[in-house]
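Residues per chain, in single letters:
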Amino acid sequence: MPTIAQHIDEIRNLDVGNHTIRDIKKKNWDWLNFPEKDALYGAIFVNDVINLSRAEVKAETDIKTKIMKVLMWGYKKTNGSLRPQYFDSIVNHLNVLEPIFADIQNRNLNAEERKNFFTRLRTVKGLGQSTYSKLLYFFNVSFEGKKCLILDTFVIANLKVFDEFSGINWVQSKNCYLTYLNKIDELAGLHNVSPEQ
């Protein structure tokens, strides 16, 4: 199996902020109905088809708009890997999610705060590991000094090819997510790259 060290130059040169999801079509999101739809879509869809870079999503200051941009960046279409009823649940609970993410944005959470975050998050269906990890990443949250990163099926599939990640049980759980953050933090320090890279 290849190792991270064998690809470190490539990793070191990644421009993470410019990672852009292209051709996000408004028509793919039109079926959703929620109270803030017109205002949020008006702010996001300056054209019928948009591109969203990581840097652009991170720079968004309005919490609800940022949540929607995270969903659009992370899933591009609403018929992808997240079930339609979960999209519906998330967008119809933006008033619940807004104070949760306002409270933790740009913060380093200790174990108790992290536990409280997951307890609060349980009130909204559809926020599995793939979705909450994207939200945590774009809201610049850390858990006990470890930068929160995206962990979805695409990331897992790619990590499995590296020797450093063999033997990790990739079941969707908070413990798996914490193991992942710890391992990435350790490797980033070892190779002098950012955890995002």
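Structure shown above.
Attention in this report is confined to the structure presented alongside it. (Residues numbered from 1 in each chain as written. Predicted model: local features only at pLDDT ≥ 70, side-chain atom pairs only at ≥ 80, totals over all residues. Heavy atoms only, no water.)

**Focus: the overall build of the protein**
Line of reasoning, step 1. When helices and strands are tallied, the protein shows 10 helices and five strands.
Line of reasoning, step 2. The C-alpha radius of gyration computed for the protein amounts to 17 Å, which stays within 12% of the reference 16 Å derived for 197 residues, consistent with globular compactness.
Line of reasoning, step 3. With respect to the principal axes defined by its C-alpha atoms, the protein has extents near 45 × 35 × 25 Å.
Line of reasoning, step 4. Counting over 197 residues, the protein shows a buried share of 45%.
Line of reasoning, step 5. The contacts of the protein with a sequence gap of at least 6 include a subset with a gap of at least 24, amounting to 69%.
Line of reasoning, step 6. Looking at the protein as shown, the accessible area adds up to about 10100 Å², and 47% of this sits on carbon and sulfur atoms. (Helix = DSSP H or I, 4+ residues; strand = E, 2+ residues; numbered from the N terminus. Rg over C-alpha atoms; globule rule 2.2 N^0.38 Å. Buried < 20%, exposed > 50% of the residue type's maximum accessible area, 1.4 Å probe, protein only. Contact = heavy atoms within 4.5 Å. Areas by Shrake-Rupley, 256 points an atom, 1.4 Å probe, with all protein chains shown as cover.)

**Focus on the sheet that holds strand 4 (residues 142-143)**
Line of reasoning, step 1. Across the sheet, which stays open at both edges, the three strands sit in the order 3-4-5 with mixed pairing between neighbours. Here the strands that pair on one side only, and so sit at the sheet edges, are strand 3 (108-109) and strand 5 (146-147).
Line of reasoning, step 2. Pairing of strand 4 with strand 5 involves two bridges; the strand directions are antiparallel. Considered in strand 5, the bridge of Phe 143 is made with Lys 146. (Pairing = 2+ DSSP bridges.)

**Description of the packing of helix 4 (residues 63-75) against helix 6 (residues 94-104)**
Line of reasoning, step 1. In the contact formed by helix 4 and helix 6, the axes pass within 9 Å of each other and the chain directions differ by 100°. By the criterion of interaxial angle, the relationship of helix 4 to helix 6 is roughly perpendicular. Across the interface between the two elements, Ile 63, Lys 64, Ile 67 and Met 68 from helix 4 touch Leu 94, Asn 95, Leu 97, Glu 98, Phe 101 and Ala 102 from helix 6. (Axes fitted to C-alpha atoms, helices over the stretch in contact; angles between N-to-C directions. Parallel < 35°, antiparallel > 145°, perpendicular 65-115°, else oblique.)

**With respect to the nonpolar core**
Line of reasoning, step 1. Counting 66 residues, the largest nonpolar core has Trp 29, Met 68, Phe 101 and Phe 143 as the members making the most contacts within it.
Line of reasoning, step 2. Ignoring anything within four residues of it in the chain, the contact list for Phe 101 reads Ile 63, Ile 67, Phe 117, Leu 121, Leu 135, Leu 136 and Phe 139. (Core = buried A, V, L, I, M, F, W, Y, C linked by side-chain atoms within 4.5 Å.)

**Re helix 7 (residues 111-121)**
Line of reasoning, step 1. Turning to helix 7, its buried residues are Arg 114, Phe 117, Phe 118 and Leu 121. Projection of helix 7 onto a plane perpendicular to its axis shows the buried side chains occupying an angular sector of 95°, all on one side. Relative to its buried face, helix 7 has exposed residues pointing more than 90 degrees away, namely Glu 112 and Lys 115.
Line of reasoning, step 2. Those residues of helix 7 hidden inside the fold are in contact with helix 6, strand 3, helix 8 (129-138), strand 4 and helix 10 (174-191).
Line of reasoning, step 3. Of the residues flanking the start of helix 7, the one acting as N-cap is Asn 110, its side-chain oxygen 3.0 Å from the backbone nitrogen of Glu 112. (Arc of directions from axis to C-beta. Polar contact = N/O pair within 3.5 Å; in protein donor to acceptor, adjacent residues only side chain to side chain.)

**Some thoughts on the side chain of Lys 69**
Line of reasoning, step 1. Take Lys 69: it is sitting in helix 4.
Line of reasoning, step 2. The buried category is assigned to Lys 69, whose relative accessible area is 7%.
Line of reasoning, step 3. Filtering out sequence-adjacent residues up to four positions away, Lys 69 remains in contact with Ile 44, Leu 52, Glu 56, Val 57 and Glu 60.

**Describing the pattern of salt bridges**
Line of reasoning, step 1. According to the stated counting rule, one finds 12 salt bridges in the structure shown.
Line of reasoning, step 2. Measuring nitrogen to oxygen at the nearest pair gives 3.2 Å for the salt bridge that ties Lys 26 to Asp 30.
Line of reasoning, step 3. Its salt-bridge partner being Lys 58, residue Glu 196 comes within 2.6 Å of it at the nearest N-O pair. Here Lys 58 lies in helix 3 (residues 54-59) and Glu 196 lies in the segment after helix 10, a separation of 138 residues in the sequence.
Line of reasoning, step 4. Overall, the relative accessible area of 27% leaves Lys 58 in the partly exposed class. (Salt bridge = Lys/Arg side-chain N within 4 Å of Asp/Glu carboxyl O.)

**Concerning the environment of Asn 110**
Line of reasoning, step 1. Of note, Asn 110 is situated in the loop between strand 3 and helix 7.
Line of reasoning, step 2. For Asn 110, a relative accessible area of 38% puts it in the partly exposed group.
Line of reasoning, step 3. Along the sequence, Asn 110 and Asp 15 sit 95 residues apart, while their C-alpha atoms lie 29 Å from each other.
Line of reasoning, step 4. Of the polar contacts made by the side chain of Asn 110, one reaches the backbone nitrogen of Glu 113; its length is 2.8 Å.

**Quick look at the environment of Asn 51**
Line of reasoning, step 1. Within the element layout of this structure, Asn 51 appears in strand 2 (residues 49-53).
Line of reasoning, step 2. Placed 119 residues apart in sequence, Asn 51 and Trp 170 show a C-alpha to C-alpha distance of 30 Å.
Line of reasoning, step 3. Here Asp 23 takes part through its backbone nitrogen, which lies 2.9 Å from a polar atom of the side chain of Asn 51.

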